[in-house]
Amino acid sequence: MASEAADFFTWTVKPTVSEFLVNPRDIRRGRLAAIVLNHMADYLALEGYVGHERSEMDRRVKAVREELTARCPDFSLIRDIADATKHAKLSVPKKGPPRDLSSSQQITRSPGIFQAPFGEGVFAEAVIVFATLNDGTVKRKRPALPSSSVRLCQRG
């Protein structure tokens, strides 16, 4: 019998990430992929835990997220995209690493032919979803998703 984490990965994470990779211009699919990847950490952290104590659950999830971020630095961006999508704005942490994003408005896509100013759009041009980080760096979302999902699978 498959574990709860394996089921979540197989039935939710993998197909959601695959849908985004097939259509990397779709912000909605990109945000959903980030959300389910981010919550995969919860499933991994709570695998086999039978209690319901919030502080212990939080401690376990925090440890897994730190481990995933150490193995795959892109995981912190996935976490911030997921949190910004859910909460619109993110607070500045008092301790720990700074956030990559502070607002859901930092998740966007390049304009397609019908959104670009006249004369600037090109038919069949590459439209991508990207995030503008707090430090001004622009990161394409697509490369972060596969590396994070592969790392989640290889955790052990």
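Residues numbered from 1 in each chain as written. Predicted model: local features only at pLDDT ≥ 70, side-chain atom pairs only at ≥ 80, totals over all residues. Heavy atoms only, no water.

Turning our eyes to something else, we now look at the overall build of the protein. Per the secondary structure count, the protein includes five helices and three strands. The linear arrangement of helices and strands in the protein, starting from the amino end, is α-α-α-α-β-β-β-α. For the protein, the residues scored as buried account for 38% of the 156 residues in total. Within the protein, residue pairs in contact and separated by at least 24 positions form 55% of the contacts whose partners lie at least 6 positions apart. Total accessible area on the protein is roughly 9,500 Å²; 56% of this is exposed by carbon and sulfur atoms. (Helix = DSSP H or I, 4+ residues; strand = E, 2+ residues; numbered from the N terminus. Buried < 20%, exposed > 50% of the residue type's maximum accessible area, 1.4 Å probe, protein only. Contact = heavy atoms within 4.5 Å. Areas by Shrake-Rupley, 256 points an atom, 1.4 Å probe, with all protein chains shown as cover.)

Residue placement: R65 occurs in helix α3 (residues 54-71). Look at R65 and you get buried, because its relative accessible area is 17%.

In a regular helix each residue adds 1.5 Å, so 18 residues correspond to 26 Å; α3 covers 26 Å between its end C-alpha atoms and thus fits that length. Along α3, the residues classified as buried are E56, M57, V61, V64, R65 and L68. Around the axis of α3, the buried residues are gathered within 170° of arc, so they sit on the same side. Exposed side chains of α3 directed beyond 90 degrees from the buried face belong to K62 and A70. (Expected span 1.5 Å × (residues − 1). Arc of directions from axis to C-beta.)

Counting residues in each nonpolar core, the largest one holds 29 residues, and the members touching the most others are V13, M40, V64, L77, I81, L101 and I107. Counting only elements with at least two residues in this core, the list comes to α1 (4-22), α2 (27-46), α3, α4 (74-87) and β2 (129-132). With eight residues, α2 is the largest single contributor of residues to this core. (Core = buried A, V, L, I, M, F, W, Y, C linked by side-chain atoms within 4.5 Å.)

Each aromatic ring pair is characterised by the separation of its centres together with the angle its planes make. In this structure the tally under the stated criterion is one aromatic pair. Centroid distance F8 to Y43: 3.9 Å. Interplanar angle 5°. Geometry classified as stacked. On the criterion of sequence distance, the pair formed by F8 in helix α1 and Y43 in helix α2 is long-range, its members being 35 residues apart. (Phe/Tyr/Trp six-rings, centres within 6.5 Å; stacked < 30°, edge-to-face > 60°.)

Right, let's get into the pattern of salt bridges. In this structure the tally under the stated criterion is 10 salt bridges. Of the charged contacts, one joins R29 and D26 as a salt bridge, the two residues approaching to 3.2 Å between their closest N and O atoms. Of the charged contacts, one joins E56 and R60 as a salt bridge, the two residues approaching to 2.8 Å between their closest N and O atoms. With a gap of four residues between them, E56 and R60 both fall in helix α3, about one helical turn apart. Among the charged side chains, a salt-bridge network with shared partners connects R79, D80, D83 and R99. (Salt bridge = Lys/Arg side-chain N within 4 Å of Asp/Glu carboxyl O.)

With that settled, the discussion passes to unusual backbone geometry. The phi angle at A88 is positive, at roughly 75°, despite the residue not being glycine. Within the fold, A88 resides in the loop between α4 and β1 (107-109).

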